[in-house]
Amino acid sequence: MPLPYSIAAFLASSVIALSTLYQVYLWQRKEYRIDRLRAEIIQPETLTTSNWVWIVSFFTVTTILLLRQIGLPSSANNLNIIAYVGLIAQLGSQIQRGYARGIYRPYFTSKAYLVLTLLIFAAVGLMAIFINDQTLIPFQLFVSTTLLPVMGVLAIMIANIITYPGKYRIIMRAKTIRRAYTGKVITVTGSVGKTSTKEFLHQIIKASGKKVTATKEHRNSELTVAQDVIEQLPKKPSIYIAEAGAYRRGEIRAIANIVQPSVAIITAIHNQHAALFGSLENVAKTKWELVESLSSDGIAVLNYDDPVIRKRSRKYTGSVITYATTDTNADIHAKAVTYLPDRIA
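The model shown is predicted, which means the values in this text are computed figures rather than measured ones.

Draft legend 1. Structural detail: the overall build of the protein. The helix and strand inventory of the protein stands at 12 helices and seven strands. Relative to the globule expectation of 20 Å for 345 residues, the C-alpha radius of gyration of the protein, 26 Å, shows a markedly less compact shape. In terms of its C-alpha atoms, the protein occupies a principal-axis envelope of roughly 75 × 40 × 40 Å. Restricting the contact set of the protein to residue pairs at least 6 apart, pairs at least 24 apart contribute 71%. Roughly 18600 Å² of accessible area belongs to the protein as shown, and the carbon and sulfur atoms make up 62% of that amount. The centroid of the 38 positive side-chain charges in the protein is displaced by 4 Å from the centroid of its 21 negative side-chain charges.

Draft legend 2. Representation of the nonpolar core in the model. V115, F139 and L148 are the most contacted members of the largest nonpolar core, which totals 38 residues. Leaving out residues up to four positions away in the same chain, L148 has contacts with I16, S19, T20, Q23, L119, A122, A123 and L126. Counting 32 residues, the second largest nonpolar core, distinct from the first, contains A246, I266, V283 and A284.

Draft legend 3. Just unusual backbone geometry, in detail. One non-glycine residue, K236, adopts positive backbone phi at about 55 degrees. Positionally, K236 belongs in the loop between α8 (222-232) and β3 (239-243). Of note, the phi angle at Q260 is positive, near 45 degrees, even though the residue is not glycine. Note on Q260: relative accessible area 34%, which makes it partly exposed.

Draft legend 4. Structural view of the environment of P149. Tracing the sequence through the fold places P149 in helix α6 (residues 137-180). For P149, a relative accessible area of 23% corresponds to the partly exposed category. Distance in space between the C-alpha atoms of P149 and A268 is 36 Å, their sequence separation being 119 residues.

Draft legend 5. Representation of the sheet that holds strand β6 (residues 319-324). Strand order in this open sheet of seven strands is β2-β3-β1-β4-β5-β6-β7, and the pairing throughout is parallel. A single partner strand is all that each edge strand has here, and the edge strands are β2 (212-214) and β7 (332-333). Across the sheet, α8 is in contact with β2 and β3; its angle to β3 comes to roughly 160 degrees.

Draft legend 6. Here's a closer look at the pattern of salt bridges. Tallied over the full model, the rule gives 13 salt bridges. Between R36 and E31 there is a salt bridge, with its nearest N and O atoms 3.1 Å apart. By relative accessible area, which is 28% here, E31 ends up partly exposed. Between R248 and D35 there is a salt bridge, and its shortest N-O distance comes to 3.1 Å.

Draft legend 7. Representation of the pairing of strand β1 (residues 184-189). In terms of residue burial, β1 counts as a mostly covered element, since five of its six residues are buried. Here five bridges tie β1 to β3, and the two strands are oriented parallel to one another. Within β3, the position partnered with K184 by the bridge is I239. Pairing geometry for β1 and strand β4 (residues 263-266), over four bridges, is parallel. Counted as the bridge partner of I186 is V263 from β4.

Draft legend 8. Representation of the side chain of S262 within the structure. Looking at the element boundaries, S262 is found in the loop between α9 (251-259) and β4. In this structure, S262 is in contact with R178, K184, V185, L294, G298 and I299, ignoring residues within four places of it in sequence.

Draft legend 9. Spotlight on a nonpolar patch on the surface. Nonpolar side chains collect at one region of the surface, where I34, V153, L154, M157, I158 and I162 lie side by side and expose about 460 Å² of accessible area between them. When residues in the nonpolar patch are grouped by element, the largest group, five residues, is from α6. Looking at where V153 falls in the secondary structure, it is placed in helix α6. Residue V153 is classed as partly exposed on the basis of its relative accessible area, which comes to 30%.

Criteria and thresholds
- Residues numbered from 1 in each chain as written.
- Predicted model: local features only at pLDDT ≥ 70, side-chain atom pairs only at ≥ 80, totals over all residues.
- Heavy atoms only, no water.
- Helix = DSSP H or I, 4+ residues; strand = E, 2+ residues; numbered from the N terminus.
- Rg over C-alpha atoms; globule rule 2.2 N^0.38 Å.
- Contact = heavy atoms within 4.5 Å.
- Areas by Shrake-Rupley, 256 points an atom, 1.4 Å probe, with all protein chains shown as cover.
- Lys, Arg positive; Asp, Glu negative; His and termini not counted.
- Charge placed at Lys NZ, Arg CZ, Asp CG, Glu CD.
- Core = buried A, V, L, I, M, F, W, Y, C linked by side-chain atoms within 4.5 Å.
- Buried < 20%, exposed > 50% of the residue type's maximum accessible area, 1.4 Å probe, protein only.
- Pairing = 2+ DSSP bridges.
- Axes fitted to C-alpha atoms, helices over the stretch in contact; angles between N-to-C directions.
- Salt bridge = Lys/Arg side-chain N within 4 Å of Asp/Glu carboxyl O.
- Patch = residues over 30% accessible without salt bridge, like charges linked within 9 Å, V, L, I, M, F, W, Y side chains within 5 Å.

Below is the structure:
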């Protein structure tokens, strides 16, 4: 292979290696959800240098391919020069991102390995499709590296289909374990403050001498909560605290169907994740699914300082305990709160 083509191959293989690791990391962080990744990409503030490089590369590649498809002539030398510039820019943006934050690596679970394998096959497949002209090898490599993130979407769709039966079995097993559990379940949701509230409750109840456990780290989706239930409820704590997060209507209800809360806490309702929910009303309806999941003897604990929660609480006919720091009409009203380095007084 001529030296210039060897250089192009080195650039392309480096881009593919770094891009593949980053893609698996990013998909894993977004729970392998296309809607969550799309919502982040369309936010202007999330467009990094590497994002812009890919956008320009994608626009360039698709334009050239379209022009060639309709028969417009193009010089192999010019196309290869564009490819070298594009590959250098892609690798440079990957290195710049790695220098700023380190090389992104996913937490290697079975699904991460599956997605990584599918992405590798996608990269090989792209090169097999596009590398068919010896005079255009650099450009064809550039096409392959540019289209790899698009193939990543297909890889995620395939991975989600393959792993769905396993996810279903985990959720069903968690529901079985929960039905046999006789302790109390406190479930916390809200636009902000979920994890802090969960951890505060855990420490307070633990200090009282009761056997209590809580969902680990940021386990707050349907699957991760189910996994936590399987892991922790067999230990038979007297109280289990679960955190429930959501990005779509119905997702809080799905978690509640697993944990069957005795107490539902809503910390706040803000217009967070607006690109996914669409409106504050949809956020409110989603968070309120937790309260709607309570049995007749369940208790809703609600932040009365939040105007959206306050409005909904007035219409709720079940058992409610409200709390606030500014609204004196709440059942529990905290005042003169002092934040110290090691505690809140």
